[in-house]
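Overview (structure and organization)
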Amino acid sequence: MRLALYNTLSRSKEPFTPLDADRVTMYVCGPTVYNRVHIGNARPAVVFDTLFRVLQSQYPNVVYARNITDIDDKIMKTAAELGEDITELSQRYAQAYFEDMEALNCLDPNIIPYATQHIPEMIDMIERLIAKGHAYTAEGNVLFAVQSMANYGELSGRSLDDMLAGARVEIASYKKYAGDFVLWKPSADNEPGWDSPWGRGRPGWHLECSAMIEKHLGDTIDIHGGGQDLIFPHHENEIAQSCCAHDGQPFAKYWLHNGFINIEGEKMSKSLGNFRMVNDLLDQYPGEVLRYVILSAHYRSEQNFGKDLLDSAWRSLDSLYGYLRGQGDGVPTLNKEGAGYAALLDDLNTPVAVSEIYRLAKEMHGASGDHKAQLRDQLLGLANLMGLLQQDPEQWFKQARGGDGDSISEAEIEALIAKRQQAKADKDYAGADQVRQDLLAMGVVLEDSREGTTWRRS
RNA sequence: GGCGCCGUAGCAAAGUGGUAAUGCAGUGGACUGCAACUCCGCCAUCGUCGGUUCGAUUCCGACCGGCGCCUCCA
């Protein structure tokens, strides 16, 4: 069974063949750190984290880089509003991003490059582009001349004329051609800037990814990922920069793009004020619930986030943890012959892989002995590949729900359970039921079994 | 205007040219002192209209409906 991925470049699913099986390279566009990240930022992180895990199951050495954009006009604007240094601001939000991603069970990428730490590399790339006739200077700016590249627009499937026909933005007068984009732009004295051959300034947005990929991963990489909205112009321009700087060598072999997340049927936007920050959602839901929601849909489809979906996902995970409860720790073991793994290899079909977890859970439930333990390990192995079921089942059910900090303590719960046991022993069912009702009112559900009574928060 | 996507049960979501996985919710039953958990069962004809085909939800066309990008938004 081989990995197949949908390549935006060819608009079709292709078998994945790395350039070098001993060093598989993947780059994913990370966040611009000027605020807490929203759930839309979490989708590519979770999706490509899952791909990272799958790749690691197939190849011994996978190098995954995800950048931090820490110089950008939005950062400058926010920093100015807060009266804060841009470095402090971006550091703070980068740290917050890492915490959010950790809560979503995302593994750390191997490389986390920062834009501001690669200014010399960017300047070097610009100089090469100018030397090769792909870029020019104008009024302190350096611009990429898209007409100098024969197949510009290949990724997004747009012709230059088409793009300009629908342009809804004013064209800067200094551009030789309306579609040209900025590689370097001048900074005012009160703006952050770096010295360069073209004066003090800062890099254009697209340039950082090209420069950092070149430095850390090489001229041509295997996989480049990001959100669908980045196809144009961001990724198109990355291709232009890198291909032209490398005399036409391919930039990325496979381009993968995740779909958008909407909120209650509407796009997240500032005007609607409906951003859902990961951090806020984590106050209400375990990170794994957010991850489960993201993986319950195929990564390329549009996904609609809402309270009902999150609540439903939580109950779904309860069900899975319920099967695992009392089954021992287990040793996650990936069954490479299993249907779940096959689904993941088939362009990351996580919904099918998740359904396979349920199938394994039920089969495990009905099995016994070594076979049961084996199924448990396979279930955990498959879940591991998706970053799910990473918690201890007992802890899962005892975690606080809904962000209520004033819930009853575990000791008090245990005491009440003991009291109820006594009532049951005395055949005082009314009393026993009263205890159960009281606990339920405090968000604790009791479950009796032959071995005794267990509880969970609901 | 250009490029592209989507429309499957109450909700979510896979999938296939031969009558549709899975989860949540609902519902009937078993289990239980009663519940919860668990188990057994039930719960869709795949936007509309045509075409191709022995046969289409799956291919083609039209239409209706929803949406994205073309603006340094994941």
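Residues numbered from 1 in each chain as written. Chains lettered and ligands numbered in written order. Predicted model: local features only at pLDDT ≥ 70, side-chain atom pairs only at ≥ 80, totals over all residues. Heavy atoms only, no water.

1. Description of the domain arrangement of chain A
The test is simple: Source of the domain bounds: an automatic or database domain assignment. What makes two residues a contact is simply this: any of their non-hydrogen atoms within 4.5 Å. Take a side-chain nitrogen of Lys or Arg and a carboxyl oxygen of Asp or Glu: if they are within 4 Å of each other, that pair is a salt bridge. By the criterion applied in these results, polar contacts are pairs of N or O atoms within 3.5 Å in which, for protein atoms, one can donate a hydrogen and the other can accept it, and in which residues neighboring in sequence qualify only through two side-chain atoms. Labels follow the DSSP assignment, with helices taken as runs of H or I lasting at least four residues and strands as runs of E lasting at least two, numbered in each case from the N terminus. In this classification, Asp, Glu, Lys and Arg are treated as charged, Ala, Val, Leu, Ile, Met, Phe, Trp, Tyr, Cys and Pro as nonpolar, and every other residue, Gly included, as polar.
Looking at chain A, the domain boundaries give domain 1 (4-258), domain 2 (262-398) and domain 3 (410-457). Here the C-alpha centre of domain 2 lies 30 Å away from the C-alpha centre of domain 1. Listed as interface residues are 30 residues of domain 1 and, on the opposing side, 36 residues of domain 2. The salt bridge involving Arg 291 is made with Asp 49; its shortest N-O contact spans 2.7 Å. At the junction of domain 1 with domain 2, the criterion picks out 19 residue pairs in polar contact (both at pLDDT 80 or more). Residue assignment for the side of domain 1 that touches domain 2 shows that the elements contributing at least two residues are β1 (4-7), α1 (39-56), α3 (86-103) and β10 (252-258). Taken together, the residues that form the side of domain 1 that touches domain 2 break down as 14 nonpolar, ten polar and six charged.

2. Considering the pairing of strand β15 (residues 452-457)
The following threshold applies: What makes two strands pair is DSSP finding at least two bridges between them.
Bridge count for strand β14 (residues 444-449) against β15 is six bridges, and the pairing is antiparallel. The residue of β15 that forms the bridge with Val 445 is Arg 456. Hairpin remark: β14 followed by β15, antiparallel, with two residues in the connecting loop.

3. Regarding the protein's contact with RNA strand B
Stated formally: In these notes, residues near a molecule or strand are those with any non-hydrogen atom within 4 Å of it.
As a structural note, the neighbourhood of RNA strand B is formed by 55 residues, with Lys 185, Trp 205, Lys 267, Ser 316 and Arg 436 the closest of them. The sugar-phosphate share of atoms of RNA strand B within 4 Å of the protein amounts to 58%. Ser 316 places a polar side-chain atom, nitrogen or oxygen, 2.3 Å from a sugar or linking oxygen of RNA strand B. In this structure, Asp 448 approaches RNA strand B through a main-chain N or O atom, which is 2.9 Å from a base nitrogen. Every element with two or more residues in the surface near RNA strand B is listed here: α1, α5 (160-165), β9 (221-227), α10 (307-324), α12 (350-366), α15 (410-425), α16 (429-441) and β14. The residue inventory of the surface near RNA strand B, partitioned by class, reads 20 nonpolar, 17 polar and 18 charged.

4. Section: the sheet that holds strand β5 (residues 135-138)
We apply this condition: Every angle, taken between N-to-C directions, lies between 0 and 180 degrees, and every axis is a line fitted to C-alpha atoms, over only the stretch in contact when it is a helix.
With respect to topology, four strands assemble into an open sheet ordered β5-β6-β7-β8, the strand pairing being antiparallel. Only two strands of the sheet have a single partner each, and these edge strands are β5 and β8 (201-203). For this sheet, the mean inter-axis angle between neighbouring strands, taken without regard to orientation, is 20 degrees. Relative to strand β6 (residues 141-144), β5 is paired through four bridges, and the arrangement is antiparallel. Within β6, the position partnered with Ala 138 by the bridge is Asn 141.

5. Concerning the packing of aromatic side chains
Selection criterion: For Phe, Tyr and Trp, where Trp contributes only its six-membered ring, two rings pair if their centres lie within 6.5 Å, and the inter-plane angle classes them as stacked under 30 degrees, edge-to-face over 60, or tilted in between. For each residue, the accessible area found with a 1.4 Å probe, counting protein chains only, is set against the maximum for its type, and the residue is called buried under 20%, exposed over 50%, and partly exposed in between. The criterion is that NZ of a Lys, or CZ of an Arg, lies within 6 Å of the ring centre and within 35 degrees of the ring normal, and then a charge sits over that ring.
As enumerated under the stated definition, the model contains nine aromatic pairs in all. Consider the rings of Tyr 97 and Phe 98, whose centres lie 6.2 Å apart with planes at 55 degrees: the pair is tilted. Since its relative accessible area comes to 3%, Tyr 97 is described here as buried. Classification of Phe 98 as partly exposed rests on a relative accessible area of 22%. Where Phe 251 meets Trp 255, the ring centres are 5.9 Å apart and the plane angle is 55 degrees; that geometry is what we call tilted. The exposure class assigned to Trp 255 is buried, which follows from its relative accessible area of 1%. One aromatic cluster is present, built from ring pairs that chain together Phe 16, Tyr 59 and Tyr 254. Cation over ring: Arg 92 sits above Tyr 93, and NZ or CZ is 4.8 Å from the ring centre.

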